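Residues per chain are reported as follows:
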Amino acid sequence: MRNQQDRQKLRVTGDGTMTAKSTCLGPCNLAPVLQVFPEGTYYGGVTEAAVDRIVTEHLLGGAVVDDFAYQPTGRKQVLRPAPASENTKG
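Okay, so let's go over this structure.

### Quick notes on the layout of surface pockets
Phase 1: Of the voids in this model, the largest pocket is the one considered here, and its volume is about 750 Å³.
Phase 2: What lines the largest pocket is a set of 27 residues, and nearest its centre among them are Thr 19, Ala 20, Val 33, Leu 34 and Gln 35.
Phase 3: Sorting the residues of the lining of the largest pocket by element identifies helix 1 (2–7), strand 1 (34–36) and helix 2 (48–60) as the ones contributing at least two each.
Phase 4: Broken down by element, the residue count for the lining of the largest pocket peaks at 4 residues, all from helix 2.
Phase 5: Residue composition of the lining of the largest pocket, by class: 18 nonpolar, 7 polar and 2 charged.

Set out below in structure tokens:
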């Protein structure tokens, strides 16, 4: 994630982005988990390809990446299978 932020020049002050290591964000069974603030969108099963999409589509484009996003339900959630696009070699 930090490498992608550096490549996209997102690690700047003001409207830039930051990353912080943390303990469990809550849905540990969805690990690895990434959470985007200020809205608090949870992303689970995050892979390198997912990070690329989250940076491009969410951080830069403002759109939640539904393939990896989880809505808070108040109940334990199960990790979904990776999207088909991640299961194919290109």
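After that view, the rundown keeps rolling.
### Observations regarding the pattern of salt bridges
Phase 1: For the structure on display, the rule yields 2 salt bridges.
Phase 2: Ionic pairing is found between Glu 57 and Arg 53, a salt bridge with its closest N-O pair at 2.9 Å. Here Arg 53 and Glu 57 lie together in helix 2, a separation of 4 residues that amounts to about one turn.
Phase 3: When salt bridges that share partners are traced, they join Arg 53, Glu 57 and Asp 67 into one network.

Cut-offs and rules
Residues numbered from 1 in each chain as written. Predicted model: local features only at pLDDT ≥ 70, side-chain atom pairs only at ≥ 80, totals over all residues. Heavy atoms only, no water. 1 Å grid on protein atoms, 1.4 Å probe; cavity = no way out; pocket = protein on both sides within 12 Å on 5 of 7 lines; lining within 4 Å. Points joined across faces, edges and corners; volume = space filled by probe spheres on them. Helix = DSSP H or I, 4+ residues; strand = E, 2+ residues; numbered from the N terminus. Nonpolar A, V, L, I, M, F, W, Y, C, P; charged D, E, K, R; others polar. Salt bridge = Lys/Arg side-chain N within 4 Å of Asp/Glu carboxyl O.

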